[in-house]
Amino acid sequence: MKLSKVLMSLLSVLLVAGLFTGCSSKKETPAAGSDPKGPEGEITVITQRTDIVDTVFQDYAKEFNKLYPNVKVNFQALADYDGQIKIRMGTRDYGDVLLIPGSIPIEELPNFFEPLGTYDEMKNKYTGIEERTVNGNSYGIPIAMVYSGVIYNKKVFKEAGITEIPKTPDQFLKALQQIKDKTKAVPLFTNYASGWALTQWESSLATVAGTKEYVNVTQPTTDDNFTKGQPHYELYKVLYDAAKNGLIEKDPTTTDWETSKADLAQGKIGTMVLGSWAIDQIKNVAPNKDDIGFMPFPTNASKVLVPLAGDFNLGINVNSENKEAARAWVDWFTEKSNYAVEQAGSISPLKGAEMPAILKQYEKEGVVFEPLTPSPKGQEGIVDKIDKTGEIGLWQPDFKKRIIEAAVGNRPESYDNIMKDLNDAWVKARAEVAAKEAK
């Protein structure tokens, strides 16, 4: 799953440790195979994949050792990856290769991770490395490029008489109504109770906008972020209308994420708004894997854009005593393992990588899959700053839950009231951030 936004309150011990580790040597990591004898030594790779650490990853190690027989690879899998790794990063002992926690401020990366090369050196080979680049040096490579939209059950669509993939919000809501009228499936499952699953809607903002520049370039320059006709308003209006028309689960407060995956796989649910990371998880519990499909989030934009974003980024501990061996693993994993497609159900970070089969139909239809344009130089993280200053919660579940509660009649407010509150908070916060940045 794609990562949560920065949780600054959890970083105090981490940042203190950063002051000490920041004095470590920062010489560039040697590329794999630079030593004629090849890298050697023992490395620990820390992963979040508790489900495949004893199977798939062991096979990876065997394949890796065919090229690098003098490197012993050990694996550690953490169930609560982000929480557990941050505690370990208060020391020097956090493995040799690990996934960079999204809660670390970008500017702190050099204190904890070895540079993998300059951005200019790596940009023609990898997609998504700009997300973990500081002062021209890249510190991480995405393990996969994920995409977001609507995961749906094809069998449910067929039973409901839906013969074409809905492209606009109106078409999508009409399709949900057909599912309600003609099947026993829940048309749109929100996963309200999980909280985090609701944050997945925000990933489709660029699709609604129809441009890869909107999120990081246009959005922070506008005072109309949540007004009618703007991407945020139109994005969450779909959620509100679906809930108001009874097209979501009957009791959202008692839903369960793990059960929802099986229910979508088995045709008890028609659609869920999620990232590509969930596709294989759902297929793995489906009676027929081919029943599971993906569609871009419905939009009225003239161009259909599905944004690509880096999943966890693979990095090297700046304190590692076997950096060449660690780099050999990073290079092999990203270039040879095919993890991104086979285990993450997504796209390889390698430039020119082939699209997964589930996306082939959309290439023919002219759907564009591209990374978001990064913030202009000097404006890195500006959207996060405004979001946090205004306590808006773009990547938190709170206002999404508020929208659902209002739609089903549990809150005495309209959708427009909610959007006005959010926009007022955005305008005020944007002005405060601009004033601070100007100093």
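A brief look at the structure comes next. (Residues numbered from 1 in each chain as written. Predicted model: local features only at pLDDT ≥ 70, side-chain atom pairs only at ≥ 80, totals over all residues. Heavy atoms only, no water.)

1. Digging into the overall build of the protein chain
For step 1, the next point in the chain: A tally of regular secondary structure across the protein chain gives 18 helices and 14 strands.
For step 2, the next point in the chain: Taking 22 Å as the expected radius of gyration for a compact globule of 439 residues, we find that the protein chain reaches 22 Å, a close match to that expectation.
For step 3, the next point in the chain: Seen along its three principal axes, the alpha-carbon backbone of the protein chain occupies a region of about 65 × 55 × 40 Å.
For step 4, the next point in the chain: Per-residue burial for the protein chain yields a buried fraction of 55% across its 439 residues.
For step 5, the next point in the chain: Contacts in the protein chain between residues far apart in sequence, at least 24 positions, make up 76% of those at least 6 positions apart.
For step 6, the next point in the chain: On the protein chain, roughly 19,500 Å² of surface is accessible, and the fraction owed to carbon and sulfur atoms is 49%.
For step 7, the next point in the chain: Put simply, the protein chain has 51 plus and 59 minus side-chain charges, and the middle of one group is 2 Å from the middle of the other. (Helix = DSSP H or I, 4+ residues; strand = E, 2+ residues; numbered from the N terminus. Rg over C-alpha atoms; globule rule 2.2 N^0.38 Å. Buried < 20%, exposed > 50% of the residue type's maximum accessible area, 1.4 Å probe, protein only. Contact = heavy atoms within 4.5 Å. Areas by Shrake-Rupley, 256 points an atom, 1.4 Å probe, with all protein chains shown as cover. Lys, Arg positive; Asp, Glu negative; His and termini not counted. Charge placed at Lys NZ, Arg CZ, Asp CG, Glu CD.)

2. Some words on the nonpolar core
For step 1, the next point in the chain: Membership of the largest hydrophobic core comes to 79 residues, with the highest contact counts inside it found for Y147, W201, I282 and I403.
For step 2, the next point in the chain: At eight residues, helix α10 (residues 231–244) tops the list of elements feeding residues into this core.
For step 3, the next point in the chain: In this view, I403 contacts Y236, L239, Y240, Y415, I418 and M419; residues no more than four positions away in its chain are not counted.
For step 4, the next point in the chain: Grouped together as the second largest cluster of nonpolar side chains are 50 residues, F57, A61, V97 and L109 included. (Core = buried A, V, L, I, M, F, W, Y, C linked by side-chain atoms within 4.5 Å.)

3. As for the pattern of salt bridges
For step 1, the next point in the chain: Taken as a whole and judged by the stated rule, the model has 18 salt bridges.
For step 2, the next point in the chain: For E437, the salt bridge identified is with K385, shortest N-O distance 3.1 Å. Remark: K385 occurs in helix α16 (residues 382–389) and E437 occurs in helix α18 (residues 415–438); sequence separation between them is 52 residues.
For step 3, the next point in the chain: Residue classification places E437 among the partly exposed positions, given a relative accessible area of 37%.
For step 4, the next point in the chain: Look at K385 and you get partly exposed, because its relative accessible area is 37%.
For step 5, the next point in the chain: Here the residues in one salt-bridge network are R402, E405, R411, E413 and D421, joined through shared partners. (Salt bridge = Lys/Arg side-chain N within 4 Å of Asp/Glu carboxyl O.)

4. A look at the packing of α10 against helix α17 (residues 398–407)
For step 1, the next point in the chain: Their axes nearest at 8 Å, the elements α10 and α17 cross at an angle of 35°. The way α10 lies across α17 gives a crossing that is right-handed. Of the residues in α17, those touching α10 at Y236, L239, Y240, A243 and K244 are F399, K400, I403, I404, A406 and A407. (Axes fitted to C-alpha atoms, helices over the stretch in contact; angles between N-to-C directions. Left-handed = near helix turned anticlockwise from the far one by under 90°.)

5. Considering unusual backbone geometry
For step 1, the next point in the chain: Here N135, not a glycine, exhibits a phi torsion of approximately 50°, which is positive.
For step 2, the next point in the chain: Here N135 is to be found in the loop between β5 (133–134) and β6 (137–138).
For step 3, the next point in the chain: Looking at N135, the relative accessible area reads 77%, which means it is exposed.
For step 4, the next point in the chain: Residue N338 is not a glycine yet carries a positive backbone phi of 60°.
For step 5, the next point in the chain: With respect to the helices, strands and loops of the structure, N338 is situated in the loop between α13 (323–336) and α14 (339–342).

6. Considering the packing of aromatic side chains
For step 1, the next point in the chain: Under the counting rule described, the total for this entry stands at 27 aromatic pairs.
For step 2, the next point in the chain: Where F64 meets W332, the ring centres are 6.1 Å apart and the plane angle is 75°; that geometry is what we call edge-to-face. Here F64, found in helix α2 (residues 56–67), pairs with W332, found in helix α13; they are 268 residues apart in sequence, far enough to count as distant. Grouping residues by exposure puts F64 and W332 together as buried.
For step 3, the next point in the chain: Arranged with centres 5.5 Å apart and planes meeting at 70°, the rings of W201 and F297 form a pair that is edge-to-face. In this pair, W201 sits in the loop between β9 (186–188) and α8 (205–209) while F297 sits in the loop between β11 (292–295) and β12 (305–310), placing the two residues 96 residues apart along the sequence. Judged on exposure class, the residue W201 and its partner F297 are both buried.
For step 4, the next point in the chain: Grouping aromatic residues by their ring pairs yields a cluster made of F57, Y60, F64, Y68, F75, W329, W332, F333 and Y339.
For step 5, the next point in the chain: Above the face of the F399 ring, K400 is positioned so that its terminal group lies 3.9 Å from the ring centre.
For step 6, the next point in the chain: Of note, K401 hangs over the ring of Y192, and the distance from its end group to the ring centre comes to 4.9 Å. (Phe/Tyr/Trp six-rings, centres within 6.5 Å; stacked < 30°, edge-to-face > 60°. Lys NZ or Arg CZ within 6 Å of the ring centre and 35° of its normal.)

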